[in-house]
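# Survey of secondary and tertiary structure
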Amino acid sequence: TEATEDVSSNMAAPAMKHNKHNKHSSNAPSHPDRTDSRNSQSPSQGGNLTEDVDALQKEIGGDLKSLKKVSGLLEHLTLENKQLEEQVLTVSSSVPLRVSAALSTAEESRLKLESLLEKERLLSNTLQQHLQGAQVWADSIGQVLGQLDTLERHMKYLQCLARIEELSPDTVPLAVHLTPDTDPLSPKTLSRPEQSQTPPLSLPIQIMLLPLSKRFRYHFTGNRQTNNLSKPEWYLTQVLIWMGNSSNFMDEKIQPILDRAGAKVNARVELCRGLLTLVQEKLSQDAPRLLYDDALFCHLVDEVLQFEKELRSTHSYPRAYPGILHILLEETVLQKWLSVERKMAVEKVDAMLSAEGAWSSQYKDITDMDELKAPDCAETFMTLLLVITERYRALPCPRAQLSFLALQKELVDDFRIRLTQVMKEESRQPLSPRYCAILNAANYISTVLSDWGDNVFFLQLQQAAVSDGEEILGPLGAMETGRLASLEGSLFEALLALLERLRGDMLGRLLDAVMRDVKEKAQPYCKDRWISLPSQSDQATMSLSSSACPMMLCLRDHLLQLQQMLCLPLFQMFWQGLAERLDSFIYEDLILYNHFNEGGAAQLQYDMTRNLFPLFGHYCKRPENFFKHVKEACIILTLKVGPALLFCDVLKQSEEDEGILNHQQPSAESALNELGVYKLAPSDVQILLNLRSAWLNQS
């Protein structure tokens with residue numbers, strides 16, 4: 001028992017230590033301070049010894065046989081103790097490594113800070129030296145900026161003076177006396193309406209223009225040979241050359257500077273504006289001096305128009321900015337321009353009408369290009385009007401454009417009168433080539449004017465005429481104004497009506513001439529013995545009546561001839577009008593004038609359906625539709641006796657029941673429609689039935 005107690009007492013300490021570690025190891029943190037404090041605890045601090053002994057006794061108990069478990073328990077506790085010692089050594093060894101890393105990082109930061117401080121010191125010294133060296137330049141630039149401020153104030157002062165002059169037209173332009181002749185933007189160079197629409201040129205652009213302004217005035221003013229009134233193209237071309245040569249420099253060098261400064265201007269456009277002031281000043285001086293020389297004035301206008309076209313297209317000068325055309329719109333210059341246009345146009349019309357080939361088409365041998373068969377005089381005249389349109393199309397003032405439009409309408413009406421005069425001279429031979437050429441000319445002019453009425457440019461002029469064109473186009477009635485405003489009518493409507501009247505009159509004369517010839521050739525045919533012709537069953541084959549041959553040949557020849565001489569639209573109007581007149585002629589002068597037996601009715605139907613109608617079949621698919629009277633009369637005349645008698649009963653009953661509604665009895669109109677008769681009235685059908693000899697014998 002004593003031995004047992006000794007062993008138990010010897011094992012109590014490891015067991016207590018084991019339990020102590022087991023009690024605190026699961027929740028003990030890995031912090032080295034807390035581990036050391038735990039390992040250094042006294043038995044009284046680490047736990048209750050009695051509890052550890054109780055635990056050991058509970059594991060072994062009082063049974064001596066359980067002592068064999070002590071060796072295994074001792075090995076287990078020894079292993080755990082070793083593991084705990086290793087953990088303590090690992091934790092205690094990691095603390096110096098972390099501290100070393102922190103110290104290393106702090107040392108690196110200190111070195112970087114010293115390096116940055118050194119760099120800052122060097123940069124500060126360099127900056128101070130640079131500021132000391134740039135102070136001289138800053139002082140010099142300050143003086144220049146002060147001068148620029150002074151110049152800007154002077155410019156604003158001059159602009160105020162220019163504005164005062166605009167508002168006071170009776171005062172002498174004071175700014176003219178105040179502006180260093182070399183100033184490219186002198187207030188006198190622009191007309192007042194145009195000057196107020198555009199902002200002033202920037203000062204740098206004005207400075208750049210000074211040498212060009214000197215060169216321009218040196219060469220194109222005074223007694224220089226280059227200052228020639230007959231050669232306006234010299235200074236106009238020179239300005240265009242300067243614009244072209246400077247465009248790349250302005251785009252690549254000057255424009256970036258303006259963009260960086262926040263200036264909302266286009267450098268190239270600004271240079272063009274400045275150069276245009278030189279041209280405007282020169283043109284405003286030269287134009288009044290050429291008012292009494294038509295040739296030089298016309299040359300000036302052509303060169304100005306060409307310059308304006310080049311300026312807007314090649315140099316992309318904005319439409320919103322004025323060019324030089326407004327100088328031509330001064331009242332005296334504009335009236336001179338209109339009078340010269342009128343004079344030259346009349347002279348050209350006289351020349352073209354008296355030319356040898358005036359009434360022949362230059363495209364007569366080219367089928368694809370000769371659809372309208374316009375004679376040379378008409379085509380040249382419309383080309384003349386088109387050239388006038390192209391000249392005044394670019395004018396910036398709608399009222400001036402309407403003035404030229406009024407001139408064009410005057411010229412068209414004058415040409416129509418000339419066509420009427422020539423037509424009356426040729427009216428004795430309406431089938432002559434010249435007469436047809438006059439008709440083609442009237443149709444060609446009418447067609448072109450109709451196309452112009454739908455053109456956007458003339459539609460815009462039409463709106464301008466409605467709002468502000470009464471002084472130029474004359475007083476317009478309320479109905480005409482409404483039609484123009486709603487675009488139902490056109491500016492050429494009155495002219496088109498007159499041309500249509502001329503065309504209709506000439507076409508009517510042409511039809512009269514053809515019908516006279518046809519009626520003359522048709523007399524034997526109309527007087528043929530239709531009541532005594534052999535029946536169809538008595539003839540081996542049907543053939544055209546011999547008395548109809550002259551009429552058919554006459555029709556064929558006239559159709560072929562006029563198809564060659566008239567344009568397609570006119571020829572269509574002609575053959576349709578001819579078919580309508582033939583239909584009435586044959587129905588009234590042949591059918592209603594004669595009586596027909598069965599053979600005569602069959603022969604008439606054969607002559608019409610197999611010979612007359614096919615003559616017009618070359619120009620349409622169903623020519624019989626243009627001969628409704630003749631076609632339906634042949635249907636009635638060729639009815640069999642039985643159906644004819646039944647139809648007579650229907651007509652008679654229809655007359656008796658007139659005014660009484662009878663749904664059971666078919667109406668005369670419906671009965672005629674079943675036979676294919678729509679044009680003739682029942683009374684006309686009754687007359688035709690009375691012309692049948694077989695029906696007369698039956699009745």
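Note that the coordinates shown come from a computational prediction; the quantities given were computed from them, not determined experimentally. The numbers attached to residues start from 1 for each chain and follow its sequence in the written order. Since the coordinates come from a predicted model, pLDDT governs what is reported: local features require at least 70, and pairs of side-chain atoms require 80 or more to be given and counted, while whole-chain, interface and lining totals use all residues. Note: side-chain values were computed over all heavy atoms of the structure, leaving out hydrogens and water.

Across the interface, helix α19 (residues 493-526) lies against helix α20 (residues 549-565) with an axial gap of 7 Å and an inter-helix angle of 160 degrees. Overall, the two elements α19 and α20 adopt an arrangement that is roughly antiparallel. Our pair here, α19 against α20, has a crossing hand that is right-handed. Where α19 abuts α20, its residues L510, V514, D517, V518, K521, A522 and Y525 lie against P550, M551, C554, L555, H558 and L562. Under the scheme applied here, ten amino acids are nonpolar (Ala, Val, Leu, Ile, Met, Phe, Trp, Tyr, Cys and Pro), four are charged (Asp, Glu, Lys and Arg), and all others, including Gly, are polar. Classifying every residue of the contact of α19 with α20 by side-chain character gives 10 nonpolar, one polar and two charged. Here an angle of 0 to 180 degrees is reported between the N-to-C directions of two axes, which are lines fitted to C-alpha atoms, with helices fitted over the stretch in contact. Helix and strand assignments come from DSSP, with helices taken as H or I runs of at least 4 residues and strands as E runs of at least 2, each series counted from the N terminus. Each angle receives one of four descriptions, namely roughly parallel if under 35 degrees, roughly antiparallel if over 145, roughly perpendicular if within 65 to 115, and oblique otherwise. Take the far helix as the reference: if the near one is turned anticlockwise from it by less than a right angle, the crossing is left-handed, and if turned clockwise, right-handed. When checking whether two residues touch, look at their non-hydrogen atoms; a contact exists if any pair is within 4.5 Å.

Between two aromatic rings, the relevant description is the distance of the centres plus the angle of the planes. Centre distance within 6.5 Å is the pairing criterion for rings of Phe, Tyr and Trp, where only the six-membered ring of Trp is used; planes under 30 degrees apart are then read as stacked, over 60 as edge-to-face, and the remainder as tilted. Applying the stated criterion to the full structure yields 21 aromatic pairs. Three or more aromatic residues link up through ring pairs in this structure, and these residues are F571, F574, W575, F613, F616, Y619, F626 and F627. Sitting over a ring, as applied to charges here, requires NZ of Lys or CZ of Arg to be within 6 Å of the ring centre and within 35 degrees of the ring normal. A cation over a ring is seen here: R273 above Y321, with NZ or CZ 5.4 Å from the ring centre.

Salt bridges are identified by distance alone: a Lys or Arg side-chain nitrogen within 4 Å of an Asp or Glu carboxyl oxygen. Tallying each qualifying case throughout the model produces 25 salt bridges. One salt bridge connects R121 with E118, and the closest N-O pair in it is separated by 2.1 Å. Separated by three residues within a single helix, R121 and E118 lie in helix α5 (residues 69-167), roughly one turn from each other. In this structure, the salt-bridge partner of K343 is D294, at a minimum N-O distance of 3.1 Å. Placement of the pair is K343 in helix α12 (residues 331-353) and D294 in helix α11 (residues 294-313), with a sequence separation of 49 residues. Judged by relative accessible area, D294 falls into the partly exposed class, the value being 26%. Ionic contacts of the salt-bridge type, sharing partners, join the residues E107, R110 and E114 into one network. For every residue, the accessible area obtained with a 1.4 Å probe (protein chains only) is divided by the maximum for its type, and the residue is called buried under 20%, exposed over 50%, and partly exposed between those limits.

On to helix α22 (residues 598-616). The span you would expect from a helix comes to 1.5 Å times its residue count less one. In this model α22 runs 27 Å from its N-terminal to its C-terminal C-alpha over 19 residues, within 8% of the 27 Å that 1.5 Å per residue would give. M608 marks where α22 bends most, by close to 30 degrees. Across the chain, bend at a residue is computed as the angle between axes fitted to the seven residues ending at that point and the seven starting from it.

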